[in-house]
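Residue-level structural notes
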Amino acid sequence: MNRPVLVVYDIVNDRRRAEVRARLGPIADRFQYSGWLVPPEVNLTAARVVADLAAVAGPADRIHGHAPCPDCARRAKWLPVRQPHRLTRQPGWTAH
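Residues numbered from 1 in each chain as written. Predicted model: local features only at pLDDT ≥ 70, side-chain atom pairs only at ≥ 80, totals over all residues. Heavy atoms only, no water.

A few points about the packing of helix α1 (residues 14–24) against helix α2 (residues 46–54)
Selection rule: To get an axis, a line is fitted to the C-alpha atoms, and for a helix only the part in contact is used. The angle between two axes follows their N-to-C directions and goes from 0 to 180 degrees. Elements are defined by DSSP. Helices are runs of H or I of four residues or more, strands are runs of E of two residues or more, and each kind is numbered from the N terminus. Left-handed describes a crossing whose near helix is turned anticlockwise from the far helix through less than a right angle; right-handed describes the clockwise counterpart. Residue contacts are defined here by distance: any two heavy atoms, one from each residue, within 4.5 Å place the two residues in contact.
As a packed pair, α1 and α2 sit with axes 10 Å apart at the nearest point and diverge in direction by 140°. Considering only the axes of α1 and α2, their crossing is right-handed. On α2, the residues that touch Val20, Arg23 and Leu24 of α1 are Val49, Asp52 and Leu53.

And the structure:
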């Protein structure tokens, strides 16, 4: 079963941060400046996504990928409460 992958990062260098964004842009939806959702349809594991991004990361950078189990994805809570979001791809989920 394919799962969504949540990716969050703290990249200290602007050039490396731009490269991470360039790699995630075609496959994921941005929901925060450094938070992305790779939808299950992309068929990538959290380990695969993080390994690809780690290729451009520096020693002080942090990248985390998490693929919640289906039950956890259904039970995910958004704050503040009553948000319309789910851990599935939704049009318009980008930060500007």
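The rest of the description comes next.
Things to note about the environment of alanine 57
The criterion, for reference: Exposure is judged per residue with a 1.4 Å probe applied to protein chains only, and the accessible area is read against the type maximum: over 50% gives exposed, under 20% gives buried, and values in between give partly exposed.
Secondary-structure assignment places alanine 57 in the loop between α2 and β4 (62–66). Exposure remark for alanine 57: the relative accessible area of 28% places this residue in the partly exposed category. For the pair formed by alanine 57 and arginine 16, sequence separation is 41 residues and the distance between their alpha carbons is 6.5 Å. Here alanine 57 is in contact with Arg16 and Ile63, once residues within four sequence places are set aside.

Re the confidence of the model for the protein chain
Detailed reading of the predicted coordinates is not advisable wherever pLDDT falls low. The criterion, for reference: Per-residue confidence from the predictor is given as pLDDT, running between 0 and 100.
Model confidence for the protein chain is summarised by a mean pLDDT of 84, while 78% of its residues fall at 70 or above. Of all helices and strands in the protein chain, the one with the weakest mean pLDDT is helix α3 (residues 70–75) (77), whereas α1 scores best (96).

Some points on α2
Stated precisely, the cut-off is as follows: This arc is built from the directions going out from the helix axis to the C-beta atoms.
Within α2 the residues assigned to the buried category are Ala46, Val49 and Leu53. Buried residues of α2, seen end-on, are gathered within an arc of 70° and therefore sit on one face of the element. α2 presents Ala47, Arg48 and Ala51 as exposed residues on the side facing more than 90 degrees away from its buried surface. Each element contacted by the buried residues of α2 is listed here: β1 (5–10), α1, β3 (35–38) and β4.

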